[in-house]
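# Fold and contact review
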Amino acid sequence: MDRRETVRGLLAEHGRTHAREAGVRMRNTPAPLYQVLVLTVLCSVRIRSDIAVAAARELFAAGMRTPRAMADAPWQQRVDALGRAHYRRYDESTADALGHGAEFLLDTYRGDLRRLRDRAGREPDRIRELLREVPRIGPVGADIFCREAQGLWPELRPAFDRRALEAARVLGLPETPEGLAALVPAEDLPRLAAALVRTRLTP
């Protein structure tokens with residue numbers, strides 16, 4: 001099987017982004033970008049990705065789709081939504097982080113991550129640096145956000161984190177973001193990155 005056939009198989013079997021699974025309608029507007037950030041926070045601890053996605057869906061179903069709604073929601077409401085998704089061990093600390101993060105975004109960027117992008121001068125490394133100022137988001141979380149958002153912010157392309165590149169190596173695919181990007185159209189980069197991460201996490 002050649003590389004392009006391998007990639008086609010990956011996309012067919014695993015090519016769903018976590019944002020799509022969480023019900024985020026990807027647009028370059030404040031609410032969807034914030035929802036990707038919430039998903040990033042949820043994925044930034046040692047917890048299964050399907051539980052993090054389920055937790056995001058519960059939070060969004062409870063109305064916490066914007067920084068203002070998240071900040072205004074009672075702490076217990078956030079904890080309860082996480083609990084319904086079986087987001088255990090980290091539910092209380094994550095409820096704190098989501099509340100503090102929402103307040104930070106409102107105070108710093110008026111709730112609009114496009115302002116973070118502008119402050120970074122659309123420079124990928126600077127975007128990652130500013131993302132790490134959000135509570136609970138470290139280097140891994142910044143990479144997760146960029147992996148999901150690269151379909152909206154072209155300057156982030158190609159975004160493949162360490163786990164995706166490790167999976168690519170095992171599958172005999174190029175081990176660099178640029179090499180992987182040459183195998184698919186730009187609009188499929190988020191799906192390919194997600195598919196590689198899924199194969200890396202699958203026993």
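Anything mentioned here points back to the structure above.
In this report, we go over the structure that sits alongside the text.

Thresholds, definitions, all that
- Residues numbered from 1 in each chain as written.
- Predicted model: local features only at pLDDT ≥ 70, side-chain atom pairs only at ≥ 80, totals over all residues.
- Heavy atoms only, no water.
- Axes fitted to C-alpha atoms, helices over the stretch in contact; angles between N-to-C directions.
- Helix = DSSP H or I, 4+ residues; strand = E, 2+ residues; numbered from the N terminus.
- Parallel < 35°, antiparallel > 145°, perpendicular 65-115°, else oblique.
- Left-handed = near helix turned anticlockwise from the far one by under 90°.
- Contact = heavy atoms within 4.5 Å.
- Nonpolar A, V, L, I, M, F, W, Y, C, P; charged D, E, K, R; others polar.
- Salt bridge = Lys/Arg side-chain N within 4 Å of Asp/Glu carboxyl O.
- Buried < 20%, exposed > 50% of the residue type's maximum accessible area, 1.4 Å probe, protein only.
- Expected span 1.5 Å × (residues − 1).

## Structural notes on the packing of helix H4 (residues 49-61) against helix H6 (residues 75-84)
- One way to put it is that H4 packs onto H6 with a least axis distance of 8 Å and a crossing angle of 135 degrees. Classified by the angle between their axes, H4 and H6 sit oblique to one another. The two elements H4 and H6 cross, and the hand of that crossing is right-handed. Contact with H4, carried on its side by Ala55, Glu58 and Leu59, involves Arg78, Ala81, Leu82 and Arg84 of H6 and no other residues of that element.
- The residue makeup of the contact of H4 with H6, split by class, is four nonpolar, no polar and three charged.

## Side note on the pattern of salt bridges
- Across all of its chains, the model carries 13 salt bridges by this definition.
- A salt bridge links Glu148 to Arg147, with the shortest nitrogen-to-oxygen separation between them at 3.9 Å.
- Owing to a relative accessible area of 5%, Glu148 belongs among the buried residues under this scheme.
- In this structure, the salt-bridge partner of Asp161 is Arg147, at a minimum N-O distance of 2.8 Å. A residue pair is termed long-range when its members are at least 10 positions apart, and Asp161 in the loop between helix H10 (139-149) and helix H11 (162-170) and Arg147 in helix H10 qualify at 14 residues.

## Topic: the environment of Met26
- Locating Met26 in the fold gives a position in the loop between helix H2 (18-21) and helix H3 (30-43).
- A sequence separation of 123 residues divides Met26 from Ala149, and the C-alpha atoms of the two residues are 8.4 Å apart.
- Look past the residues within four positions of Met26 in its chain and what remains in contact with it is Ala19, Val36, Glu148, Ala149 and Leu152.

## Some words on H3
- Look at H3: 20 Å from first C-alpha to last across 14 residues, which is about the 20 Å you get at 1.5 Å a residue.
- Counting buried residues in H3 gives twelve out of 14 residues, a clear majority hidden from the surface.
- Those residues of H3 that sit buried are Pro32, Leu33, Tyr34, Gln35, Val36, Leu37, Val38, Leu39, Thr40, Val41, Leu42 and Cys43.

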